[in-house]
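Spelled out, the chains give:
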Amino acid sequence: QVRLVQSGGGSVQSGDSITLACAASDKISTYLVGWFRQAPGKEREFVSAMHWLGTWYTDSVKGRFTIARDNAAKTLYLEMNSLKPEDTAVYYCAADPRYTGVYDLAGSYQHWGQGTQVTVSS
């Protein structure tokens with residue numbers, strides 16, 4: 001059972017940057033890994049994912065967010081630049097040892113971090 005522990009987040013101004021980290025209890029170098037977010041009153045939505053077969057982003061964050069994986073440190077990152085108020089949400093990291101071809105659904109991930117709040121004010 002892989003355990004994911006998140007760090008980072010906080011309150012920033014529009015245009016600022018934040019990097020989220022997600023430390024895994026075991027190696028996740030071959031896992032499908034991803035980031036999701038959930039804004040108040042909304043469903044959890046896909047943000048970005050990474051596998052050796054590719055890297056994917058939702059359209060609203062392309063060019064602003066970067067997903068990265070430090071395999072040696074067993075850590076997943078989400079670098080978020082040019083933040084906007086609409087990026088305000090609780091962000092979750094996720095991982096699964098299998099990749100079935102679907103990376104943007106929460107059901108594709110078995111392991112989840114505890115979530116971390118990101119608040120962007122205008």
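Look up: the structure comes first, before these words.
Residues numbered from 1 in each chain as written. Predicted model: local features only at pLDDT ≥ 70, side-chain atom pairs only at ≥ 80, totals over all residues. Heavy atoms only, no water.

Caption draft 1: Region of interest: the packing of aromatic side chains. All told, the structure shown has eight aromatic pairs when counted by the stated rule. A ring pair is formed by phenylalanine 36 and tyrosine 109, whose centres lie 5.3 Å apart and whose planes are at 80°; its orientation type is edge-to-face. Taken together, the residues span a long stretch of sequence, with phenylalanine 36 in strand β4 (residues 32-38) and tyrosine 109 in the loop between β9 (89-96) and β10 (111-112) at a distance of 73 residues. Just as phenylalanine 36 is buried, tyrosine 109 falls in that class too. Between tryptophan 56 and tyrosine 103, the aromatic rings sit 4.2 Å apart at their centres with planes inclined by 10°, giving stacked as the arrangement. You can see tryptophan 56 sitting in strand β6 (residues 54-57) and its partner tyrosine 103 sitting in the loop between β9 and β10, a full 47 residues away along the chain. Taken together, the ring pairs connect Phe36, Phe46, Trp56, Tyr92, Tyr99, Tyr103, Tyr109 and Trp112 into an aromatic cluster. Sitting over the ring of tyrosine 92, arginine 44 keeps its end group 3.7 Å from the ring centre. (Phe/Tyr/Trp six-rings, centres within 6.5 Å; stacked < 30°, edge-to-face > 60°. Helix = DSSP H or I, 4+ residues; strand = E, 2+ residues; numbered from the N terminus. Buried < 20%, exposed > 50% of the residue type's maximum accessible area, 1.4 Å probe, protein only. Lys NZ or Arg CZ within 6 Å of the ring centre and 35° of its normal.)

Caption draft 2: Quick look at the pairing of β4. Of all seven residues that make up β4, six are buried, and the element is covered over most of its length. Pairing analysis gives seven bridges linking β4 to β9, with the strands arranged antiparallel. Within the sheet, the bridge partner assigned to valine 33 lies in β9 and is alanine 95. As defined by bridge partners, β4 adjoins strand β5 (residues 45-51) across five bridges and the pair is classed as antiparallel. Within β5, the residue paired with glycine 34 across the bridge is alanine 49. Where β4 hands over to β5, the hairpin turn is made up of six residues, of which glycine 41 adopts a positive phi near 75°. (Pairing = 2+ DSSP bridges.)

Caption draft 3: View of the pattern of salt bridges. Per the stated rule, a full pass over the model turns up five salt bridges. Aspartate 96 is the partner of arginine 98 in a salt bridge, and the nearest nitrogen-oxygen pair spans 3.1 Å. Assessed through its relative accessible area of 54%, arginine 98 is described here as exposed. (Salt bridge = Lys/Arg side-chain N within 4 Å of Asp/Glu carboxyl O.)

Caption draft 4: Quick look at the sheet that holds strand β8 (residues 75-80). Spatially, four strands are ordered β1-β3-β8-β7 in an open sheet, and the strand pairing comes out antiparallel. With partners counted over all chains shown, the strands left at the sheet margins are β1 (4-7) and β7 (65-70), one partner each. When the angles between neighbouring strand axes are averaged without regard to direction, this sheet yields 15°. Pairing analysis gives six bridges linking strand β3 (residues 18-24) to β8, with the strands arranged antiparallel. Bridging from a neighbouring strand, cysteine 22 pairs with leucine 76 of β8. (Axes fitted to C-alpha atoms, helices over the stretch in contact; angles between N-to-C directions.)

Remember that the coordinates give geometry; whether it matters functionally is a separate question.
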